[in-house]
Amino acid sequence: MVSPPFPLLPSSLRWVQRAGVVSSLMMAATFGEMVLAPIASALDRAALPNLSSVAVELPSTRTLVDAGLTAYEQGAFITAIEIWEQALETPLPAADVATIQSNLAAAYQAVGQSEQAAIAWDQAIDYYETQPGSDLTIAQLLIEQAQSFDTLGQHKRAIEILERAISLAESANNSDALAAANGALGNAQWAAGEYEKAIQAHRTSLEIARETENVLFAAIAYNNLGNVYESQVQRFRYQLSVAQAEGEIIDAERYQSNLTRSIASAIDSAQRSVAVSQQIGGIVEARALLNLNRILALRTEDAATLSPAEIAEIEANRDRAIALLEREPASRNKAFALINAATDKHNRLNPQRQALVLRDAVSVSREIGDRRAESFALGSLGSVYEQNRAYDEAMALTQQAQIAAQEVDATDSLYRWQWQTGRIRLATGNQGEAIESYRAAIGSLQSIRGDIVAANKDIQFDFRDTVEPVYRELISQLLSIETVDPAQKQANLREVLDVLELLKIAELQNFFGDDCVEVAQSMVEANGQLTDRNAAAVYSIILPDRTELIVRLADGSLLQRTVDLSQAELETQVDEFRRLLEKRGTNEYLTYAQSLYRDLFEPIAADLSAAAPETLVFIQDGVLRKIPMAALHDGNRFLIENYAIATTPSLQLTSQSNLEKDEINALILGLTVARPPFAALAGVAEETQDVYNRLGGEILLDRDFTLKNFEAELGNDAYTVVHMATHGRFGVDSDTTFLLAYDDKITIDNIDTLLRSRAVRSGSTRRQPIELLTLSACQTAAGDNRAALGIAGVAVRAGAKSALASLWFINDASTVALIDTFYAELSKPGVTKAQALQRAQIAAINDYAYEHPAVWSPFIMIGNWL
C-alpha cells in the first residue's frame, strides 16, 4: 500500500517562529500506513521561516530567497534547494546564512535527503551557539535535526539530541518547544523499539498541551500514544504466536494479557484524538478519523471477522473523513490525506470509489503544483487499475507517476512505480522490459537504502511488504530466463547473487535498525567472492512456488538447481525437523533429516563431489536459518561427516582471512549460579577452566562477570577471542534478545558497544576485529525466522569476524566436551575454525553418550570460517 510521502519516514508539523526559525513536532508513520499528522489548514504554508523578515541587502539575493520560498510552497523542493544554494554564494550576514541553511534543511528533508538536512541544521545550530539568549532557537533547531537523524535510522543519536533540546526548552520556559521536543523524543524512542519510554514521553507532551490548552498538540499527543500502543499490539501479537509455537504457556499467557491491554489503550488514545480534533475540524479531524479506523482494526487479526457494528463504525468514520477533506482548500496535506483514505485497506473502499478519491488527489496536487504528491496520487491510482487488470490504464498512470517522481527527485516514490511497472509488464507477457524495470527499482532502493531499511528494529512488516518483494521478484525472473548460452547463464546467475547479497545486507540493516551493517561491510575486501580455494558457497532462495539453490565454486563458476518445493511446503518440513531434532530421546528427526537432504543437498551433491571442497559455506534464506545443515543425513552419514560447515548472512559481510594462532588471547566469561528465572549452568565452571587451559587469557566468573567488569577488561587488553558461557536468547525483540551477566542482561546493543570499544592491540594503530565470539549456552526461538536472522548477524553486529553459537540450549557435559575439543583442534596448525568445529562434532557423533544431533548439531560457525 502506498503511504506518501514515505512509509518509514516521519512527517512533521512545522510552524513559524518570529525569529524565522523552523520548529516541529514529528508525526511518524507506522507499518506502511500514513498516520495522523494534524496540520491546520492555516498552517499549510508555514513550512518555512518567514523569509521576508530576513534583512537582505542585495536585491538579487532577496529575489533568489523569495523565488526559493515560492518553489518550496509549490512542492518544487529540488528547485528551492538549487535557488537557496545559489543565494548562499552571495555575501550575506551570518544570521541570514543561518536562516537560509535552516530552510535548506527543511527542503532536503522534504525530498528524503536526511543526511544533507542534518548537516544543514548543524550549520544553523553552529551560528546560534555563538549568540547569547538563543536557547529557544537552538532547541527548535535541535528538534528538527534530531528528526533527520531519526529518519536515517540513527535513533540513539536522535534521542541524545532531543534530550538536550528538552533541557534547553526548559531553560527557555517555552511550553510549545517542550511539548514538541517530548513528542519528537517519543517518536524516536518508538522507532527504536523503546515503547514504554515512548509512551512516557508522549504523556509528558500531552500533559503540557493540556496545561496550555493547546488543542492541536493534545490531538497530536493522543495520536502518537495510539501509534505506540499499536506497535505494542503488533509486538505482543508476534510474541504470543512465537510463545505458542514454543509451547511456553506462561509467556503466552503474559503476552495475551499485554496484547489485550495494549489494544484497549490504542483504541482509547485514537478515540480521544478524534474527540479533541473535533474542536479543530478540517484535515485535523479527518486524519484523526482515518487513523482511528486503522487502530480499530486491531481488534481482530482478520478483517473478515469484524462485526457488522464494527464495519458500520469504520465506514461512518471514513465517510465523514472524506466529506471533511472535500470541503478543504487545496493543499499538500489534503492530497496526501485523500491518498491515505483511498489506499488504506481498513477504510473498505471499493475500486470505483478508490479511483474517484484518488482522482481528486491528483486534481488537488496539480492545482497546487506539487509533483511529489501528484506522483503518489497517480501511482496509487495506477495500482487500483493494476489490481483490476486494466493494464493499459495502469501503465499510463504509472508512467506518469514515474515522470513526476523523477522531476522532483522523489526516489522513495520512484522505486514503487518502477516496481509497479515491472509487475504490469510481467502481467502482459513482457519479461525483458519487466526485468529492466525491476533493475531500475533496485537501483532506486539502493540510493535510499539507509533511510528505507532503517525501520523500527522490532517489527519490520513494512520492509517485508514494500521492499523485500522487489528483490525477490527480480531474482525469480532472472532465474527463469531460458538461455542455451553458458556465458549468458553465468552472467544471469552472477546478477542473481549480486541482488541476493543486496537483499541480505538490507535484511540485516532492517533487523538492527541502524548503519552498523554498512560499517561492517566497509571492513571486508572480498566483495562477495570466495578467496578460500577449498570452499564452496551454497545459496538458498525461497520463492513462493519453488526453492532455488545456487553454488559458487572457488574458481568463480556458478551452478543453479531448482527444487520443486514451495515456500509453504519447505516451511512445514523445516519446522517439523527443528522440533524433532531437539528431542534427544528419539530418532524421529531422521525422516526429515533424510528428506531435506534429498531436497536441499542431493541436487548439488554430484557437482560438489566433483569440485571436492573441504568446507561448505551456507548463505541461508528464511526458515532455513533455523536448522543446522550439519544434521542433514544421506542415509548413512550426516553432512558434517563429509564437509566442514559454516554459515554467514552475506559473503559481502564476511572477512576471509586466516586466524593468527600465535596471537590468540581469550577473555572468558561464565555464569554457573542460578539467576532466576534462569537455572544454574552446572558445566560452566569446567568449561571456562578448559578454555583457559587451552587458550590462556582472563576469566570472569559469576560475581566477577558483571557488565562493568566486562567493559573494563575489554579496555585493558586486546582480546582476539571472547568466550561467553552463559544463558543467551535470540528472540523476537530487544526484550527477549540478550545474554545474561551476573548483575544484568546484556543486550546485543551492549555487546556491539563493548566489542567496538576494546583496547588497541600492541603495535597496531587501530582496533582489530574480534577473531571469534563464542556463545556456548544460547538459544534461538524456533518459532521465529527473525530470531534466526539475529543470531546469523551477531558477528556482524558485534564487529567480530566469526561467532560460534548454538541454535538451542544444551546444559550438560556434552557442551563441555565439544567446546574443549573445538579449541584443542583450533590450536593446531592449518586447522580452520570450521574444521575445528567439524572435528568436535564428529567426535561427539562417535561417542555413544553424545551421538544424537540434539547434542552436537546446534553449534554453528557464523562468519569467517578460516
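What counts as what
- Residues numbered from 1 in each chain as written.
- Predicted model: local features only at pLDDT ≥ 70, side-chain atom pairs only at ≥ 80, totals over all residues.
- Heavy atoms only, no water.
- Helix = DSSP H or I, 4+ residues; strand = E, 2+ residues; numbered from the N terminus.
- Expected span 1.5 Å × (residues − 1).
- Buried < 20%, exposed > 50% of the residue type's maximum accessible area, 1.4 Å probe, protein only.
- Contact = heavy atoms within 4.5 Å.
- Salt bridge = Lys/Arg side-chain N within 4 Å of Asp/Glu carboxyl O.
- Core = buried A, V, L, I, M, F, W, Y, C linked by side-chain atoms within 4.5 Å.
- Axes fitted to C-alpha atoms, helices over the stretch in contact; angles between N-to-C directions.
- Parallel < 35°, antiparallel > 145°, perpendicular 65-115°, else oblique.
- Left-handed = near helix turned anticlockwise from the far one by under 90°.
- Nonpolar A, V, L, I, M, F, W, Y, C, P; charged D, E, K, R; others polar.
- Polar contact = N/O pair within 3.5 Å; in protein donor to acceptor, adjacent residues only side chain to side chain.
- Pairing = 2+ DSSP bridges.

Peer 1: What is the right way to read helix α25 (residues 589-600) from this model?
Peer 2: Since there are 3.6 residues in each turn of an α-helix, residues three or four apart along the chain are aligned in direction. Over its 12 residues, α25 runs 16 Å from end to end, which matches the ideal 16 Å to within 8%, given 1.5 Å per residue. Looking at α25, one finds that the buried residues are Tyr589, Ala593, Ser595, Leu596, Tyr597, Asp599 and Leu600. Those residues of α25 hidden inside the fold are in contact with β4 (547-552), β5 (558-563), α24 (567-581), α26 (602-611) and α34 (853-856).

Peer 1: Would you mind showing me how to read the pattern of salt bridges here?
Peer 2: One side chain can pair with another of opposite charge once the charged atoms of both are near each other. This model, assessed by the stated rule, comprises 38 salt bridges. Arg472 is paired through a salt bridge with Glu507; the nearest N and O atoms lie 3.6 Å apart. Here Arg472, found in helix α21 (residues 468-480), pairs with Glu507, found in helix α22 (residues 486-512); they are 35 residues apart in sequence, far enough to count as distant. Judged by relative accessible area, which is 7%, Glu507 ranks as buried.

Peer 1: Looking at this structure, how should I read the nonpolar core?
Peer 2: Here is a general trend for soluble globular proteins: nonpolar side chains tend to be buried in one another's company. Within the largest apolar cluster, 135 residues are counted, with the highest numbers of intra-cluster contacts made by Phe710, Met724 and Phe822. With sequence-adjacent residues up to four places away left out, Phe710 is seen in contact with Leu667, Leu669, Leu700, Phe705, Val722, Met724, Ile746 and Leu754. Of all hydrophobic cores here, the second largest spans 123 residues; its members include Ala165, Ala201, Ile220 and Val364.

Peer 1: Explain the packing of helix α8 (residues 195-211) against helix α9 (residues 215-246) here, please?
Peer 2: Two packed helices can be described by the angle between their axes and the distance between those axes. Put simply, α8 and α9 touch, their axes get as near as 8 Å, and they point 165° apart. In terms of axis orientation, α8 runs roughly antiparallel to α9. With respect to the hand of their crossing, α8 and α9 are arranged in left-handed fashion. Contacts from Tyr195, Glu196, Ala198, Ile199, His202, Arg203, Ser205, Leu206, Ala209 and Arg210 in α8 reach Phe217, Ala218, Ala221, Tyr222, Asn224, Leu225, Val228, Tyr229, Ser231, Gln232 and Arg235 in α9. The residue inventory of the contact of α8 with α9, partitioned by class, reads 12 nonpolar, five polar and four charged.

Peer 1: Looking at this structure, how should I read the environment of Ser437?
Peer 2: Inspection of the secondary structure assignment puts Ser437 in helix α18 (residues 431-447). Spatially, the C-alpha atoms of Ser437 and Gln420 are 8.4 Å apart, while their sequence positions differ by 17 residues. Setting aside anything within four residues of it in sequence, one finds Ser437 in contact with Gln418, Thr421, Gly422 and Arg425. One polar contact links Ser437 to Arg425, side chain to side chain, over a distance of 2.6 Å.

Peer 1: I keep staring at helix α17 (residues 411-427) and nothing clicks. Help me out?
Peer 2: Taking 1.5 Å of rise per residue, 17 residues should cover 24 Å, and α17 covers 24 Å from first to last C-alpha, within 8% of that figure. Taken across its 17 residues, α17 has 14 buried, putting it largely inside the fold. Backbone geometry just after α17 places Gly429 at a positive phi near 85°.

Peer 1: Help me understand unusual backbone geometry in this model?
Peer 2: With the exception of glycine, most residues fall at negative phi, and the peptide bonds are largely trans. Backbone torsion omega between Pro676 and Pro677 reads 5°, so that peptide bond is classified as cis. Here Pro677 lies in the loop between β8 (666-670) and α27 (684-695). With a phi angle near 55°, Glu213 is a residue other than glycine that sits in the positive phi range. Of note, Glu213 is situated in the loop between α8 and α9. Phi is positive for Asp702, which is not a glycine, with a value near 55°. Structurally, Asp702 is set in the loop between β9 (698-701) and α28 (707-716).

Peer 1: Teacher, can you tell me more about the side chain of Asp412 here?
Peer 2: Checked against the element boundaries, Asp412 lands in helix α17. Among the polar contacts listed, one links the side chain of Asp412 to the side chain of Arg372, at a separation of 2.7 Å.

Peer 1: Help me understand the sheet that holds strand β15 (residues 778-780), please; the structure alone is not making it clear to me.
Peer 2: Remark on secondary structure: sheet strands pair via backbone hydrogen bonds, oriented parallel or antiparallel. Strand order in the open sheet made by the four strands is β13-β12-β11-β15, with mixed pairing throughout. Every other strand in the sheet has two partners, leaving β13 (745-746) and β15 as the edge strands with one partner each. Where strand β11 (residues 728-730) meets strand β12 (residues 738-740), two bridges bridge the pair, whose relative direction is antiparallel. Within the sheet, the bridge partner assigned to Arg729 lies in β12 and is Phe738.

Peer 1: I tried to follow the pairing of strand β16 (residues 802-806) on my own but got confused; where do I start?
Peer 2: Successive side chains on a regular strand alternate, one facing one side of the sheet and the next facing the other. Extensive coverage of β16 is indicated by the burial of five of its five residues. The alternating pattern of β16 places Ser802, Leu804 and Ser806 and Ala803 and Ala805 on opposite faces, both of which are buried. Where strand β14 (residues 772-775) lies against β16, three bridges are found, and the strand directions are parallel. Across the sheet, the residue bridging to Leu773 is Ala803, located in β16.

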